[in-house]
Amino acid sequence: MKTKWNHLKGYVRVEIIGQDSSSFINTCIQSGISLWDIQPLDDNRALVSISVSDIQRARSILKENKLKIRIKEKKGTPFLLKRMWKRNGFILGMLSFICLLFLLSNMIWNINVTGANPKTEYELRKAAVELGVIKGKFIFLLPNVREIQRDLTEKMDNVTWIGVTQHGTSYRFEVVEKEIPEAKQVTGPRHLVATKEAVIHSVFVEKGQPIVGVNDYVKKGSLLVSGLIGKEKKPQLVSAKGEIWGEVWYQTEVEVPLNTSFQTYTGKSKNRHYVSLFGLNVPVYGFSEGEFKDKTETLNESPLYLAKWKMPFSYIKKEIRETDGVKRSYSKAEAIEVGKKMAKKELSKKLPHDAKINGEKVWQQNVSNGKVKLTMLYQVIENIASAQPIPIQQGE
Amino acid sequence: MGKLRQQVNKWMMQNLELPADVVMDLPRITMIGQLHIYIENHRGVKAFSNEQLTLKLKQGVLHIKGSEFVIKTILPEEILLEGTISSVDFENE
């Protein structure tokens with residue numbers, strides 16, 4: 001241990017020339033100068049190690065004893081550094097190479113977009129640039145992949161989903177585009193048939209032969225407007241067109257808990273910054289926990305890379321946000337009211353835009369386990385007509 | 001006076017089971033084969049060469065003979081010698 005320390009401070013191997021080196025050793029030891037590795041060479045020469053800090057004091061003792069000194073070797077870290085500094089260009093080059101490699105391996109080099117048509121790709125690249133995903137940017141300055149994915153998906157509205165993955169220095173965007181079917185103008189001969197079980201409410205036919213009348217009950221798939229018009233013997237094929245409004249019953253079930261507790265953010269937050277070294281998180285900035293009664297913590301880790309290897313250190317941002325518990329309780333009547341609204345909302349999600357809710361009815365309601373369970377029936381008027389092409393028989 | 005003190009010390013060593021090197025200020029010598037010799041409680045180096053090390057003790061001197069001697073460490077009261085040790089002799093003056 002002691003020799004290690006001496007090595008760190010630096011020491012010299014000196015040759016002591018002259019008779020009576022033992023008295024020199026004694027004086028040195030008495031005055032607190034430490035010597036080691038004393039090796040006699042011949043009668044009047046000895047090789048001794050002395051630490052650098054003691055050499056001046058040793059010199060004066062040598063003078064008193066009329067001995068000569070000759071430095072043979074300089075050992076230890078300070079001398080090693082000195083020698084290395086002579087080749088500083090080499091070391092600086094090595095360091096700058098590592099720095100450069102480090103910086104370059106934390107840069108974006110490539111952005112790939114797959115699954116998008118050129119227009120969407122252009123828009124996506126533009127949106128990505130706005131978020132800062134540009135070639136040559138440092139990866140650790142960017143939000144993480146999840147956030148990029150969320151922001152991009154929010155920004156692009158003609159896209160169903162964007163998958164963002166990071167492979168080393170390249171980002172890959174996988175795009176699933178929304179397929180917006182173009183309304184095809186059916187020109188071929190067709191019938192109109194019912195899409196669901198209904199009672200006909202009103203009939204409006206532009207083209208074709210209506211088969212059903214108001215208040216008729218139709219099943220799913222039954223013919224509403226025929227594409228065959230004209231005389232029975234010599235029918236003519238047309239593309240039937242029209243709107244058949246039917247009364248359809250829908251059943252919806254909803255459950256409303258009487259007591260619910262929510263968590264809301266109060267808006268107060270604290271950020272803490274860490275540098276993670278070999279899995280140990282060292283706080284760098286932001287030392288208070290915020291002293292919040294209720295809080296949620298989110299960790300955001302951005303690892304650093306050297307070439308393809310993940311470095312054992314990374315930057316971690318910890319966000320502590322104060323939360324507040326809110327309790328909501330309904331009376332039974334209120335719960336039913338809310339349930340009705342919820343059911344209606346749910347139903348209108350399922351219905352086409354032009355459908356109209358005509359009436360509603362509570363079919364069943366019961367309270368159990370602190371929940372109100374409602375079964376609602378809705379009378380909806382909607383267009384039930386759908387086109388069904390008539391197969392053309394060849395050769396007739 | 002000195003004689004009495006020495007006798008008291010000897011008595012203490014024998015009856016109180018105190019280690020002799022502490023009570024009587026004697027050198028404690030530890031040897032590892034022929035390779036190392038470790039001497040505590042010496043009073044300085046008298047002579048040192050490749051083949052011989054002479055140490056002053058409280059009473060008398062200690063001659064260590066051998067070859068290829070190197071003093072690995074030396075402190076005011078301790079010394080560690082390396083080499084091939086062939087003999088250790090006490091000489092009372």
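Residues numbered from 1 in each chain as written. Chains lettered and ligands numbered in written order. Predicted model: local features only at pLDDT ≥ 70, side-chain atom pairs only at ≥ 80, totals over all residues.

Enquirer: Mind showing me how you'd approach the sheet that holds strand β18 (residues 295-306) of chain A here?
Expert: Strands in a sheet are paired, the pairing made by backbone hydrogen bonds, and the direction either parallel or antiparallel. All names here are of chain A. Read across the open sheet, the 4 strands follow the order β17-β16-β19-β18; overall the sheet is antiparallel. Sheet topology places β17 (280-285) and β18 at the edges, where each strand pairs with a single neighbour. Neighbour-to-neighbour, the strand axes of the sheet open up by a mean angle of 40 degrees, direction not taken into account. As paired strands, strand β16 (residues 259-277) and β17 are joined by 5 bridges and run antiparallel to one another. Directly across from Ser276, in β17, lies its bridge partner Asn281. (Pairing = 2+ DSSP bridges. Helix = DSSP H or I, 4+ residues; strand = E, 2+ residues; numbered from the N terminus. Axes fitted to C-alpha atoms, helices over the stretch in contact; angles between N-to-C directions.)

Enquirer: What should I look at first to understand the environment of Lys56 of chain B in this one?
Expert: Residues and elements named next belong to chain B. Here Lys56 shows up in strand β4 (residues 52-56). For Lys56, a count of 17 C-beta atoms within 10 Å translates into the label partly exposed. Note: C-alpha distance between Lys56 and His42 (14 residues apart in sequence) is 6.1 Å. Discounting residues that sit within four places of it in the chain, Lys56 has contacts with His42, Arg43, Gly44, Lys46 and Val61. (Buried ≥ 20, exposed ≤ 12 C-beta atoms within 10 Å, placed from the backbone. Contact = placed C-beta atoms within 7 Å.)

Enquirer: What's the story with the interface of chain B and chain A in this structure? I'm lost.
Expert: Accessible area lost upon the coming together of the parts is a frequently used measure of interface size. Between chain B and chain A, the contact holds 15 residues from the first and 12 residues from the second. Of all the elements in the fold, those that place two or more residues in the side of chain B that touches chain A are β3 (45-48) and β5 (61-74) of chain B. The leading source of residues in the side of chain B that touches chain A is β5 of chain B, at 6 residues. Residue classes in the side of chain B that touches chain A are distributed as 9 nonpolar, 4 polar and 2 charged. (Nonpolar A, V, L, I, M, F, W, Y, C, P; charged D, E, K, R; others polar.)

Enquirer: How should the pairing of β17 of chain A be read in this particular structure?
Expert: Along β17 of chain A, only 0 of the 6 residues are buried, which leaves the element largely exposed. Linking β16 of chain A back to β17 of chain A in an antiparallel pair, the connection comprises 2 residues, with Phe278 of chain A at a positive phi of about 50 degrees.

Enquirer: Would you explain the nonpolar core in this entry?
Expert: Membership of the largest hydrophobic core comes to 30 residues, with the highest contact counts inside it found for Ile25, Leu35, Ile38, Val48 and Ile50 of chain A together with Leu55 and Leu81 of chain B. It is β5 of chain B that provides the largest number of residues to this core, a total of 5 residues. Setting aside chain neighbours within four positions, we find Ile25 of chain A in contact with Leu35 and Ile38 of chain A together with Val45, Phe48 and Ile74 of chain B. Counting residues in hydrophobic clusters, the runner-up holds 23 residues, among them Ala194, Ala198, Trp245 and Val248 of chain A. (Core = buried A, V, L, I, M, F, W, Y, C linked by C-beta atoms within 7 Å.)

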